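# Residue-level structure breakdown
What follows is the residue order along each chain.
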Amino acid sequence: MKAIALFSGGLDSALAIKLIQDQNIEVEGVYIDVGFESNKNKIKDLQTLADELGIKLTILDTKEDYIKNILFNPVYGYGKNMNPCIDCHANMIRVAKEYMQKTDAKFIISGEVVGQRPMSQRLPAMNAVNKLANAEGLVLRPLSAKLLPPSVPEKEGWVDREKLLAISGRDRKIQLELAKQYGLEHFESPAGGCLLTDVNFSKRLKDFSKTLNLTPDEIDVLKVGRHFNIDGFKVIISRKAEENPVLKDYSGSLFKKMYTKGFPGPVGLIQYDAPEKIKKTAADMMVSYTREENGDIIIGDEIFKGVKKDKQEFAKYLI
């Protein structure tokens, strides 16, 4: 018997796996990558926890489908920011169900806890997720199973319902005690996570989507740098050296790269179809974030003379 676990790397998903492993069921952890994770070391951290749990880890990249079909048109709307949590959870289950059918697994498990999150982990929301994913009965939530209707694996006797739990609410005392009992150490903190819940990232994403069609190539550049909107044209300039490789490695078609010529400075991106006037302003901005009074800026295959100006002059463009 095999189950597919929606594997976030957090404590709840790890405990859900342990509870099912205790019933002599093989578990494979699946991480659905939609691109908006804040942890730069996510895959490495997932693998560390998977090794601790003794499970196989599979990464399913769904960025393109997520952007196209869910992010900008969620059936159940957004949370406080650009987070379509109910639709996102349903998408994860739908993807996991498709994968489950390819791997001879029989059901899906999730670390969700009733009442833990205000939007996606209320009972009505969980029911909506199951319905939207067309997976009713196939999803078992071991941490709160006794508070929910029996799932298919419970009804079929694959899983003993009496060995599952009835946790609810945001208090994590029970989970932390279980972590000690199981000797779990490498789980992620519940803080952070999805950038779509972040007000500043959501503001960038909304501004971006007003004039440009987001692709997976642009997700990482939305996570770094200073973002400007100059008369409807996007300019991104790195804030620190460690952000430079992200912008240098950009391989999409929406932006041209900007570099300082012959002196240290940031790396930038400018909207591909920006007119000469916008490019000149961007060149001035690039120099303003260096120690130089003026200098040449390479934009695509052109060179512009940048003149250092007061950064406050450009603050009106900052998103």
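Owing to the predicted nature of the structure, the values given are computational and were not obtained by experimental measurement.

## Looking at the environment of Asn69
When you line up the elements, Asn69 lands in helix α3 (residues 63-71). The exposure class of Asn69 is partly exposed, given its relative accessible area of 42%. Asn69 sits 22 residues away from Asn91 along the chain, and the two C-alpha atoms are 9.7 Å apart. Looking at Asn69, its side chain comes within polar contact range of the side chain of Asp65, at 2.5 Å.

## Description of the sheet that holds strand β4 (residues 107-109)
Judged by pairing direction, the sheet is parallel, and its five strands sit side by side in the order β3-β2-β1-β4-β5 without closing on themselves. The open sheet has two edge strands, β3 (56-61) and β5 (139-140), and neither has a second partner. The pairing of strand β1 (residues 2-6) with strand β2 (residues 26-33) spans five bridges and is parallel. Counted as the bridge partner of Ala5 is Gly29 from β2. In the packing of helix α1 (residues 11-21) onto the sheet, contacts are made with β1, β2, β4 and β5, and the angle to β4 comes to roughly 135 degrees. Seen against the sheet, helix α4 (residues 85-102) touches β1, β2, β3, β4 and β5 and runs at an angle of roughly 155 degrees to β1.

## Some points on the side chain of His227
Relative to the helices and strands, His227 is located in strand β6 (residues 226-230). Since its relative accessible area comes to 1%, His227 is described here as buried. Engagement of the side chain of His227 in a polar contact is seen with the side chain of Arg204, the distance being 3.2 Å. In contact with His227, other than residues within four places in its own chain, are Arg204, Val221, Leu222, Lys234, Val235, Ile236, Tyr317, Leu318 and Ile319.

## Thoughts on the environment of Thr58
Here Thr58 lies in strand β3. For Thr58, a relative accessible area of 11% puts it in the buried group. Note: C-alpha distance between Thr58 and Ile93 (35 residues apart in sequence) is 15 Å. Excluding residues that lie within four positions of it along the chain, Thr58 makes contacts with Glu28, Gly29, Val30, Tyr31 and Tyr99. At 3.3 Å, the side chain of Thr58 and the side chain of Tyr99 are in polar contact.

The rules behind the values
Residues numbered from 1 in each chain as written. Predicted model: local features only at pLDDT ≥ 70, side-chain atom pairs only at ≥ 80, totals over all residues. Heavy atoms only, no water. Helix = DSSP H or I, 4+ residues; strand = E, 2+ residues; numbered from the N terminus. Buried < 20%, exposed > 50% of the residue type's maximum accessible area, 1.4 Å probe, protein only. Polar contact = N/O pair within 3.5 Å; in protein donor to acceptor, adjacent residues only side chain to side chain. Pairing = 2+ DSSP bridges. Contact = heavy atoms within 4.5 Å. Axes fitted to C-alpha atoms, helices over the stretch in contact; angles between N-to-C directions.

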